[in-house]
Amino acid sequence: MRFDTVIRNGTVVTATDTFPADVGIVGDKISAIAAGLPVENSGKTIDARGRLLFPGGIDVHTHLDMPFGGTTSADDFETGTIAAAFGGTTTLIDFAIQYKGQSLREAFDTWMKKAEGKAVADFAFHCIITDLGSAQLEEMGQLVREGVSSFKLFMAYPGVFMLDDATIFRAMSQAAKHGGLICMHAENGGAIDVIVQRALAEGKRAPKYHALTRPTTAEGEATSRAIALAEMAGAPVYIVHLSCNEALEKVREARDRGLPAYAETCPQYLFLSLENFDVPGFEGAKYVFTPPLREKWHQEKLWQGLARDTLQVVSTDHCPFCFKEQKELGKDDFTKIPNGGPGIEHRLSLVYTGGVHGKHFSPNRFVELVSTAPARLFGLYPRKGTIAVGSDADIVVFDPHQEDTISAATHHMRVDYSMFEGIRVKGVPKTVLSRGQVIIDGGKFVGRRGAGQFIRRQTYSGV
Ligand code: URP
Ligand code: ZN
Ligand code: ZN
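Described in the following lines is the structure provided in the data block. Since the structure is predicted, the reported quantities are computational estimates derived from the model, not experimental observations.

Looking now at the side chain of H411. On the secondary structure map, H411 appears in the loop between β16 (395-405) and β17 (424-434). Overall, the relative accessible area of 10% leaves H411 in the buried class. A polar atom in the side chain of H411 sits 3.0 Å from the backbone oxygen of V415. When neighbours within four sequence positions are excluded, H411 is seen to be in contact with E345, H346, Y417 and S418.

Dropping the structure here:
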């Protein structure tokens, strides 16, 4: 058999198995997996001796080219997918925002225009719903049929994104009817707004007050309410960017009762804490995102949540704003700091370092968290999320022993700082393939602008 590419002598790691094998690729698919594949007539050979082969990472929570907080996130679909690829992520699901008065279709079309012809790796969309009349309610089913099979709703940001409980309940019921999945930003936005106004009245304007005005109870309460609404609607629910133990406990209780409740956390909540605000001047703005950083003890609870399947996914919530000119919009008032942080590039290295080298879970669980479970939950499996014959040849050749120090001086995200500056990681992607094409090789981007395809996702079917 002739292969276009053969990856030789690597160790294949899926969510369930670890075994030495060669991987043969024809076109954009994996066509054979076996030890000692005949390579005589093959095209390219990649030697993966001593390396692990993971399915391409899937980041289900990114905000590329997104207008927010009076500015626009700094990575577009070209720079964002390049940075993602350097970090071993070959598919991302971004958020198409429906603004008030718009149809859901307008949101989808707008974000397709931002991504098509620019993305270097594959992409899909969730739709953020901010205005749900009867027309948009009808449209939810159409969007699901076109492959936009999940919707993000907000219980925070009153006046911008926040929806009331009745609207959330309607959306959940409709999603359940059509096989859609609701992704929930769970924070009690009403209570938070009151606390924020009090802080401003007391002259508390520094970046750390963004975190101190968003208590963990506000996240725990909203998580519990989201789960209750989903239970009444007979719908699955996926809690995004879960940051604290209170919310984790609500998800655990729901799952113990057998409810289809799922949640993701992000590397910032696993590696950073309120202590990051102990920096001079306005520097704390680098850590202003929502939900905010928490006390350090929450980190270990989240790692345990990942190990015990209370949390199913690690995404990044990549929403980069430069410190200069963008974060600085809130120099005199923390409420004007654009919310979000850059993380698309370092998810695999950070989770491997803290999760596998940190002895929280196995390499298989690592693959499940960064690729397989995201694919299953969001209708991409088995095309993506595993190394199997017939799956897309999205493959990361990973050196589990190489060490690196994260720094804005060397990263590829289009942003002038790193949230993880100075953090040492052990485990680095060396070669990355997207649908059979090498796009990262020896520390260089060798892919092509526009090579990324829109992926129509299937309906929700659980994990
Ligand atoms: O601060 C954040 N997380 N910005 C992005 C928007 C969101 O809520 O995910
Ligand atoms: Zn959110
Ligand atoms: Zn987000």
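Resuming the write-up.
Looking now at the coordination of the zinc ion (ligand 2). Here the zinc ion (ligand 2) is held by the protein donor atoms K152 (NZ), H185 (ND1) and H241 (NE2), which lie 2.1 to 2.2 Å from it. Written as a sequence motif, the donor residues of the zinc ion (ligand 2) are K-x32-H-x55-H. Between the zinc ion (ligand 2) and the zinc ion (ligand 3), the interatomic distance is 4.0 Å. With a gap of 56 residues between them, H185 in strand β12 (residues 181-185) and H241 in the loop between β13 (237-239) and α8 (245-256) connect regions that are remote in the sequence. Both residues of the pair, H185 and H241, count as buried.

Quick look at empty space enclosed by the protein now. Applying the stated criterion to the full structure yields 2 cavities of 30 Å³ or more. Estimated volume of the largest cavity: approximately 140 Å³. Forming the walls of the largest cavity are 18 residues, and the residues nearest its centre are H63, F68, Y157, D317 and N339. Taken as a whole, the second largest cavity encloses approximately 30 Å³ of empty space. Class assignment of the residues belonging to the lining of the second largest cavity gives a composition of 2 nonpolar, 5 polar and 3 charged.

For the rest of this paragraph, the subject is the site of ligand 1. Near ligand 1 you find 14 residues, and of these K152, H185, T290, D317 and N339 are the closest. In the environment of ligand 1, an oxygen atom lies 2.9 Å from a nitrogen or oxygen atom belonging to the side chain of K152. The backbone of T290 places a nitrogen or oxygen atom 2.8 Å from an oxygen atom of ligand 1. Here ligand 1 has 260 Å² of accessible area as a free molecule, and 100% of this is covered by the chains.

With that settled, the discussion passes to helix α11 (residues 347-357). Taken across its 11 residues, α11 has 10 buried, putting it largely inside the fold. K359 occupies a position one or two residues after α11 and carries a positive phi of about 60°.

Protein ligation of the zinc ion (ligand 3) involves H61 (NE2), H63 (NE2) and D317 (OD), the donor distances falling in the range 1.9 to 2.1 Å. One chain supplies every donor to the zinc ion (ligand 3), and in sequence these donors are spaced H-x1-H-x253-D. By relative accessible area, H61 is classed as buried at 0%.

It is worth spelling out the packing of aromatic side chains at this point. In this structure the tally under the stated criterion is 25 aromatic pairs. Arranged with centres 6.0 Å apart and planes meeting at 25°, the rings of F125 and F454 form a pair that is stacked. Here the residue F125 occupies a position in strand β10 (residues 122-128), and F454 occupies one in the segment after β19 (444-445), the gap between them amounting to 329 residues. The exposure class assigned to F125 is buried, which follows from its relative accessible area of 0%. In this structure an aromatic cluster arises from ring pairing among F77, F108, F123, F125 and F454.

Another aspect to go through is the side chain of T431. Mapped onto the elements, T431 comes out in strand β17. Ignoring sequence-local partners within four residues, the contact set of T431 consists of I46, I395, V396, V397, V438, I440 and D441.

The next thing to look at is unusual backbone geometry. In this model, T290 is joined to P291 through a cis peptide bond whose omega is -5°. On the secondary structure map, P291 appears in the loop between α9 (267-271) and α10 (297-307). A positive phi angle, near 55°, is found at D317, a position not held by glycine. Checked against the element boundaries, D317 lands in the loop between β15 (313-314) and α11.

All right, on to the packing of helix α2 (residues 104-115) against helix α3 (residues 134-145) then. A pair of packed helices is captured by two measures, namely the crossing angle of their axes and the spacing between those axes. Where α2 contacts α3, the two axes come as close as 9 Å, and the packing angle between them is 45°. Taken together, the axes of α2 and α3 are oblique relative to one another. Listed contacts from α3 to L104, R105 and F108 of α2 are Q136, E139, M140 and L143. Across the contact of α2 with α3, the residue classes break down as 4 nonpolar, 1 polar and 2 charged.

A separate point is the pairing of strand β1 (residues 5-13). Where β1 meets strand β4 (residues 44-47), 4 bridges bridge the pair, whose relative direction is parallel. Paired with R8 across the two strands is D47, which belongs to β4. In this sheet, strand β2 (residues 18-26) lies alongside β1 in antiparallel orientation, the contact comprising 7 bridges. What sits directly across from T5, in β2, is I25. Relative to strand β5 (residues 52-55), β1 is paired through 2 bridges, and the arrangement is parallel. Opposite T11, over in β5, you have L52 as the bridge partner.

This paragraph deals with the pattern of salt bridges. This structure, assessed with the given rule, holds 29 salt bridges. One salt bridge connects E231 with R257, and the closest N-O pair in it is separated by 3.0 Å. You can see E231 sitting in helix α7 (residues 216-233) and its partner R257 sitting in the loop between α8 and β14 (261-265), a full 26 residues away along the chain. According to the relative accessible area criterion, R257 is exposed, its value standing at 54%. For the salt bridge of D256 with R252, the shortest nitrogen-to-oxygen distance reads 3.0 Å. Of this pair, D256 and R252 both sit in helix α8, 4 residues apart, roughly one helical turn. Its relative accessible area of 60% is what places D256 among the exposed residues. Counted as one network, the salt bridges with shared partners bring together K29, D122, R383, K384, D392, D394 and R435.

Definitions and limits used
- Residues numbered from 1 in each chain as written.
- Chains lettered and ligands numbered in written order.
- Predicted model: local features only at pLDDT ≥ 70, side-chain atom pairs only at ≥ 80, totals over all residues.
- Heavy atoms only, no water.
- Helix = DSSP H or I, 4+ residues; strand = E, 2+ residues; numbered from the N terminus.
- Buried < 20%, exposed > 50% of the residue type's maximum accessible area, 1.4 Å probe, protein only.
- Polar contact = N/O pair within 3.5 Å; in protein donor to acceptor, adjacent residues only side chain to side chain.
- Contact = heavy atoms within 4.5 Å.
- Donors = N, O, S within 2.8 Å, 3.2 Å for Na, K, Ca; no water.
- 1 Å grid on protein atoms, 1.4 Å probe; cavity = no way out; pocket = protein on both sides within 12 Å on 5 of 7 lines; lining within 4 Å.
- Points joined across faces, edges and corners; volume = space filled by probe spheres on them.
- Nonpolar A, V, L, I, M, F, W, Y, C, P; charged D, E, K, R; others polar.
- Near = heavy atom within 4 Å.
- Areas by Shrake-Rupley, 256 points an atom, 1.4 Å probe, with all protein chains shown as cover.
- Phe/Tyr/Trp six-rings, centres within 6.5 Å; stacked < 30°, edge-to-face > 60°.
- Axes fitted to C-alpha atoms, helices over the stretch in contact; angles between N-to-C directions.
- Parallel < 35°, antiparallel > 145°, perpendicular 65-115°, else oblique.
- Pairing = 2+ DSSP bridges.
- Salt bridge = Lys/Arg side-chain N within 4 Å of Asp/Glu carboxyl O.

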